[in-house]
Structure formats: structure tokens, C-alpha cells
Amino acid sequence: MSEQKHIGNPFAKASVGVDIVPIARIKQALKRTPSFKRTVFTDEEVAYCESRTNPSQSYAARFAAREAVLKALGVGFVDLGFHRLQDIAVVIDEKGRPHACLEGVAKEIASAQGVLDVAISLSHTPDVAVANAVAITSAIKPKGEEEISPAEEMLQDFKAARPLLDELDAQLATQFGKM
């Protein structure tokens, strides 16, 4: 994005996009236009979809994911450029969960809005595929545990143990006071 054009909502803390795609529509596009697969999807996505029992469902879910991500970013295919559809891809992590991977213009659009990550969820029935996307900014991103120094950790442990030590002291004083 070389020009200074306002795209999306740079003030949103998070935004959501949802899209539903008829699986038959994607199946027809794959059959009718052989270049559709290689134009829209990355090599990794093609390999994944082709490994599935019903590839059309997986392709439809990934197409829906692209549209959902664009909606979450507040833009459309025109803003991205139809020749840049592979700038949004669905990758699968080691646990089998889908993630949105942004490159090129899609990454620039997200960055301009302060989007750190785009979480996605995919699902399908025999007839339709649905995708949800949430564009996450630093304002809502969960904070990880803060690292603390060994001295601070020891102090926290002591504070947690202090009531137990006080109770032990009281028991020993009672026990020895009766002797």
C-alpha cells in the first residue's frame, strides 16, 4: 500500500468477519476453471485439501476464511487485489488447528490497523462451509505471564508460605507450652 489510503477501521480494538460459501459453488469453480486452484490457494493448502476425503469442503472453508479475514480487516477483495488472494492463507498447526497467515498487501493492511493476529475458525456441513475471523490488536491480546526475577519469586514463595509458618509456630508454642 504505497498510497495513503484509509482502509478498514484503525481505531477498532478487534473486529469480526464471517463468511459462508456453498460447497457446490467451489466444486464447480474447481472443475470449470483449472487455474482457480493455483490462483487462489497456496501449494500447502492445495496439498492439505487434496489429502482430504472431500477436497471441495476444505477448499470452500479456505475460501470462506479469506473472505472472513478481509471482512474482519474491514476491506474486500477489491482492496486486496484479486491477483493477491494467496496473501491470505490457512495453515494448520501441529495440533490440527487452523490459523490465518497474512503476507504482502493483506499483511500491510493488517499492520496499518494495528492488527497483531487474526484468529480463525472453520466448519462445514455437506452443503456449506463457514469461517469466522477475529482481527486482534494489542488492546485485547491476552497478556502472557510476566517474567519475574529470582528474588521476586522467592519473596512471593515466602509470602505464600508465611501463614503456614505462623500456624506451625502457634502449634509448637501450644505444644511446648503445655509440657
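Here the structure is a predicted model, which is why all the values come from computation and not from measurement.

K.L.:
Lay out the overall build of the protein chain in plain terms, naming residues and giving numbers.
P.N.:
For the protein chain, the count of helices and strands is 7 helices and 5 strands. Each helix and strand of the protein chain, ordered N terminal to C terminal, gives the series β-α-α-α-α-α-β-β-α-β-β-α. The burial tally for the protein chain puts 32% of its 179 residues in the buried class. Taking contacts inside the protein chain between residues at least 6 apart in sequence as the whole, the part at least 24 apart equals 59%. Put simply, the protein chain shows about 11600 Å² of open surface, and 55% of that area lies on carbon and sulfur atoms.

K.L.:
Before we move on, can you summarise the pairing of strand S4 (residues 115–124) with the specific residues and values?
P.N.:
Bridge count for S4 against strand S5 (residues 128–137) is 9 bridges, and the pairing is antiparallel. What sits directly across from alanine 119, in S5, is valine 134.

K.L.:
Describe the packing of helix H3 (residues 43–50) against helix H4 (residues 55–73), naming the residues involved and giving the relevant values.
P.N.:
Close contact between H3 and H4 brings their axes to 8 Å; oriented N to C, the two are set at 145°. Contact residues: Glu45, Val46, Tyr48, Cys49 and Glu50 in H3; Pro55, Ser58, Tyr59, Arg62 and Arg66 in H4.

K.L.:
Let's hear about the packing of aromatic side chains: which residues, and what values?
P.N.:
Counted by the stated rule, this structure contains 4 aromatic pairs. A centroid spacing of 5.8 Å and a plane angle of 45° characterise the contact between phenylalanine 63 and phenylalanine 77, whose relative ring orientation is tilted. Linking phenylalanine 63 in helix H4 with phenylalanine 77 in helix H5 (residues 77–80), this pair joins segments that are 14 residues apart in sequence. When its relative accessible area of 15% is taken as the criterion, phenylalanine 77 is described as buried.

K.L.:
Got a sec to walk through the environment of isoleucine 120? Specific residues and values, please.
P.N.:
Within the element layout of this structure, isoleucine 120 appears in strand S4. Taking the C-alpha atoms as reference points, isoleucine 120 and valine 90, separated by 30 residues in sequence, lie 8.7 Å from one another. Those residues in contact with isoleucine 120 that lie beyond four places of it in its chain are Val69, Val90, Pro98, His99, Ala100, Asn132 and Ala133.

K.L.:
Got a sec to walk through H3? Specific residues and values, please.
P.N.:
Side chains of residues three or four places apart in an α-helix project in the same direction, reflecting 3.6 residues per turn. Those residues of H3 that fall on the buried side of the exposure criterion are Glu45, Val46 and Cys49. Seen from one end, H3 has its buried residues packed into an arc of 100°, which puts them on one side. Across H3 from its buried face, at more than 90 degrees, point the exposed residues Asp43 and Glu44. Contacts made by the buried residues of H3 are with helix H2 (35–40), H4 and strand S2 (88–92).

K.L.:
Please give an account of the packing of helix H1 (residues 23–32) against H4 that cites residues and values.
P.N.:
Look at H1 against H4: their axes get within 9 Å of each other, and the N-to-C directions meet at 105°. The angle between H1 and H4 falls in the class roughly perpendicular. Here Ile23, Arg25, Ile26, Lys27 and Leu30 of H1 lie close against H4, whose contacting residues are Ser56, Gln57, Tyr59, Ala60, Phe63 and Glu67. Within the contact of H1 with H4, the residues separate by chemical class into 6 nonpolar, 2 polar and 3 charged.

Rules and cut-offs
- Residues numbered from 1 in each chain as written.
- Predicted model: local features only at pLDDT ≥ 70, side-chain atom pairs only at ≥ 80, totals over all residues.
- Heavy atoms only, no water.
- Helix = DSSP H or I, 4+ residues; strand = E, 2+ residues; numbered from the N terminus.
- Buried < 20%, exposed > 50% of the residue type's maximum accessible area, 1.4 Å probe, protein only.
- Contact = heavy atoms within 4.5 Å.
- Areas by Shrake-Rupley, 256 points an atom, 1.4 Å probe, with all protein chains shown as cover.
- Pairing = 2+ DSSP bridges.
- Axes fitted to C-alpha atoms, helices over the stretch in contact; angles between N-to-C directions.
- Phe/Tyr/Trp six-rings, centres within 6.5 Å; stacked < 30°, edge-to-face > 60°.
- Arc of directions from axis to C-beta.
- Parallel < 35°, antiparallel > 145°, perpendicular 65-115°, else oblique.
- Nonpolar A, V, L, I, M, F, W, Y, C, P; charged D, E, K, R; others polar.

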